[in-house]
Amino acid sequence: MTAALTPRPPATRRAERSGFLRTLHAEWTKFRTVRGWVLAMAGALLVTIVVGLLGTAAPAPGGRGADSAPYPKGPGGEAVNDSFYFVHRTLTGDGALTVPLRSLTGVADTGAGRIAQGAQPWAKAGIIVKESLTQGSPYAAVMATGGHGVRMQYDYTHDTAGPSEKATQESSRWLRLVRSGDSLTGSTSPDGSHWTEVGHAKLPGLARTVQAGLFATSPQAKQDTAAGTGFSPAVATGTFGRPGLTGGWSRSAWSGTQVGGDAGTSGSYANTTEGGFTRTDGGGFTVTGAGDIAPVVGGPVMGVGFTVENFLVGTFAGLIVMIAVGTVFITGEYRRGLLRTTMAATPLRGRVLGAKALVAGGVASAIGLVAAAITMPLGEHSARSRGFHVFPVTPATEVRVMVGTGLLCAAAAVLALGVGTLLRRSGTAVALVIASIVLPFLLATSDVLPPGVWEWLLRVTPAAGFAIQQTLPQYAQVLSVYEPSTGYYPLAPWAGLAVLWGYAALAFGPAVVRLRGRDV
């Protein structure tokens, strides 16, 4: 027992490392000297690039040209909707705005002249401090919503929940927004006397002079029909009492502006009341608007455009080739009887399979990484030149997608190697691996499965690995269809990739055991 616990001498460890490196070099030499494997992997690189570019090469519909305006960008570089009706005055330095919101109502055009009454769940009316009237400029706002209570939101992606009560004609909801330097605090009250803080925002570098006042906006109304989920134009109307001002407010009159000039990608004025404002008795306002102040998301409200992962559609074609090569890398030796020679030279069979996994996975990873690095910028340039929008992403996200695509390809190759070792039949192993990765994804995005089934397919099958290519984050405060067909996965990017690598490990472990326990 004591001898078994004695650490191996450094010379032994060096010898083991040297032995594995020799095995790895032998497997790499074997791989690169088989012309068919090298040509197949080169073809995988080419087909990944070509299919990715051709799959997004259609002309922009409706005659949209290259002068199509890009999505506005928020302070964090994300694509945003910044469209609402704004009744505002200039605020210089610190100050506060307090106002009672008497009611929040809305209408939606459901088509064929049918008008649905009622504010949409994410319709908004409240107080906002905005650095400028330019879309994408920093802001902080406290508001009532149609179905999610009072909220404090700022810089498009940040959302904090407050009390859940609605503003009605019978029960006003008081709102207050206080600026102190680059800090803003939103509060609410049921009576104007007892206040509850909703949230706090810090906007570094906020200009000393800003625009502040009242706003209203509404995203499209979600409609569930026999044909599926659709969206209809909607507007919201906020009825405010007399605003109370303290601090450095200008003496100019209140003015109204449609920020953005339209309703953005998440709302529309079509066949509904146009935005605007009116004065009410007692110094209050009625403000009507449409659109949203939030990140742009995918799906049917996305408009004409592409996401980064759209340019990587060729990954599917490349994976088929890489899976085939990863399988034949082991089954070919079984078929020709060459594995006996390999094992005679390296009796440690687990070492041989580990070296094969590093070679197959390393080559596949390099192909996926290079293909993504080439296809993404070329696809984006081509799309923009043809008048398409391309969702902006941060450099960190681009790197994650490129590296993740390489790791996705590596995992598929290792999985194929493990399954090939277990089954020893090329055709069966290739078909099984392709079916386990590609088929669940195709079923999940084809709208043929009942609700919820597709979600589990992309949670528990190897197809979950495609989540690593997702660039569209999901926001609870933005109305959309969050499904694979619109660019969303049920797992986070790295979690989805971990599922695929888990399957690769599950196949590789038994493969080592079987290789050790059977004659070759």
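This text follows the structure it describes.
Note that the structure is predicted; figures quoted are calculated from it, not measured.

Participant: Help me out: how do you make sense of the environment of Ala-372 in this one?
Facilitator: Position of Ala-372 relative to the elements: it lies in helix H6 (residues 349-385). The buried category is assigned to Ala-372, whose relative accessible area is 0%. Measuring from C-alpha to C-alpha, the distance between Ala-372 and Thr-48 comes to 8.4 Å, with 324 residues separating the pair along the chain.

Participant: I would appreciate a short explanation of the packing of helix H7 (residues 395-423) against helix H8 (residues 426-445) in the present structure.
Facilitator: Helix-helix packing: each pair is described by the crossing angle between the helix axes and the interaxial distance. The N-to-C vectors of H7 and H8 enclose an angle of 140 degrees; their axes lie 9 Å apart at closest approach. Considered as vectors, H7 and H8 are oriented oblique to each other. The handedness of the crossing between H7 and H8 comes out as right-handed. Touching Ala-412, Leu-415, Ala-416, Val-419, Gly-420 and Leu-423 of H7 are Thr-428, Ala-429, Leu-432, Val-433, Ser-436 and Ile-437, all from H8. Among the residues making up the contact of H7 with H8, the classes are represented as 9 nonpolar, 3 polar and no charged.

Participant: For this particular structure, what's the right way to read the pattern of salt bridges?
Facilitator: Side-chain pairs of opposite charge can arise whenever the charged atoms involved come near each other. By the definition in use, this model includes 8 salt bridges. The salt bridge involving Glu-27 is made with Lys-30; its shortest N-O contact spans 3.2 Å. In this pair, Glu-27 and Lys-30 both sit in helix H2 (residues 10-33), 3 residues apart, roughly one turn of the helix. For Glu-27, a relative accessible area of 2% translates into the label buried.

Participant: Please explain the pairing of strand S6 (residues 158-161) as it appears in this structure.
Facilitator: Each regular strand shows side chains that alternate between the opposite faces of the sheet. Strand direction decides the pairing type here: strand S5 (residues 150-154) and S6, joined by 4 bridges, are antiparallel. Following the sheet pairing, Gln-153 is matched in S6 by Asp-159.

Participant: Sorry, what's going on with a nonpolar patch on the surface here?
Facilitator: A contiguous nonpolar surface patch, about 360 Å² in accessible area, is contributed by Leu-369, Val-399, Val-403 and Trp-494. Structurally, Val-403 is set in helix H7.

Participant: Sorry, what's going on with the side chain of His-88 here?
Facilitator: In this structure, His-88 sits in strand S1 (residues 80-111). A polar contact is formed between the side chain of His-88 and the side chain of Thr-257, at a distance of 2.8 Å. Ignoring anything within four residues of it in the chain, the contact list for His-88 reads Leu-133, Gln-211, Ala-212, Gly-213, Ala-253, Trp-254, Ser-255, Gly-256 and Thr-257.

Participant: I keep staring at the pairing of strand S7 (residues 173-180) and nothing clicks. Help me out?
Facilitator: With burial as the criterion, only one face of S7 is covered, namely that bearing Arg-173, Leu-175, Leu-177 and Arg-179; the residues Trp-174, Arg-176, Val-178 and Ser-180 on the opposite face remain uncovered. Taking the residues that link successive antiparallel strands as the turn, the S7-strand S8 (residues 183-189) hairpin has 2 residues, and the phi of Gly-181 there is positive, at about 70 degrees.

Participant: In this structure, what is going on with the packing of aromatic side chains? I would like to understand it.
Facilitator: Between two aromatic rings, the relevant description is the distance of the centres plus the angle of the planes. Taken as a whole and assessed by the stated rule, the structure comprises 17 aromatic pairs. Seen in terms of ring centroids, Phe-84 and Phe-86 are 5.5 Å apart; in terms of plane orientation they differ by 55 degrees. Their pairing is tilted. Look at Phe-86 and you get buried, because its relative accessible area is 0%. Their ring planes at 50 degrees and their centres at 6.2 Å tell us that Trp-249 and Trp-254 sit as a pair that is tilted. Trp-254 shares its class with Trp-249; the two are buried. A connected cluster of aromatic rings, assembled from ring pairs, spans Tyr-85, Trp-249, Trp-254, Phe-277 and Phe-285. One cation-aromatic arrangement involves Lys-356 over Phe-329; the distance from NZ or CZ to the ring centre is 4.1 Å. Looking at Arg-459, its charged tip hangs above the ring of Trp-456, at a distance of 5.8 Å from the centre.

Each value, and the rule that gives it
Residues numbered from 1 in each chain as written. Predicted model: local features only at pLDDT ≥ 70, side-chain atom pairs only at ≥ 80, totals over all residues. Heavy atoms only, no water. Helix = DSSP H or I, 4+ residues; strand = E, 2+ residues; numbered from the N terminus. Buried < 20%, exposed > 50% of the residue type's maximum accessible area, 1.4 Å probe, protein only. Axes fitted to C-alpha atoms, helices over the stretch in contact; angles between N-to-C directions. Parallel < 35°, antiparallel > 145°, perpendicular 65-115°, else oblique. Left-handed = near helix turned anticlockwise from the far one by under 90°. Contact = heavy atoms within 4.5 Å. Nonpolar A, V, L, I, M, F, W, Y, C, P; charged D, E, K, R; others polar. Salt bridge = Lys/Arg side-chain N within 4 Å of Asp/Glu carboxyl O. Pairing = 2+ DSSP bridges. Patch = residues over 30% accessible without salt bridge, like charges linked within 9 Å, V, L, I, M, F, W, Y side chains within 5 Å. Areas by Shrake-Rupley, 256 points an atom, 1.4 Å probe, with all protein chains shown as cover. Polar contact = N/O pair within 3.5 Å; in protein donor to acceptor, adjacent residues only side chain to side chain. Phe/Tyr/Trp six-rings, centres within 6.5 Å; stacked < 30°, edge-to-face > 60°. Lys NZ or Arg CZ within 6 Å of the ring centre and 35° of its normal.

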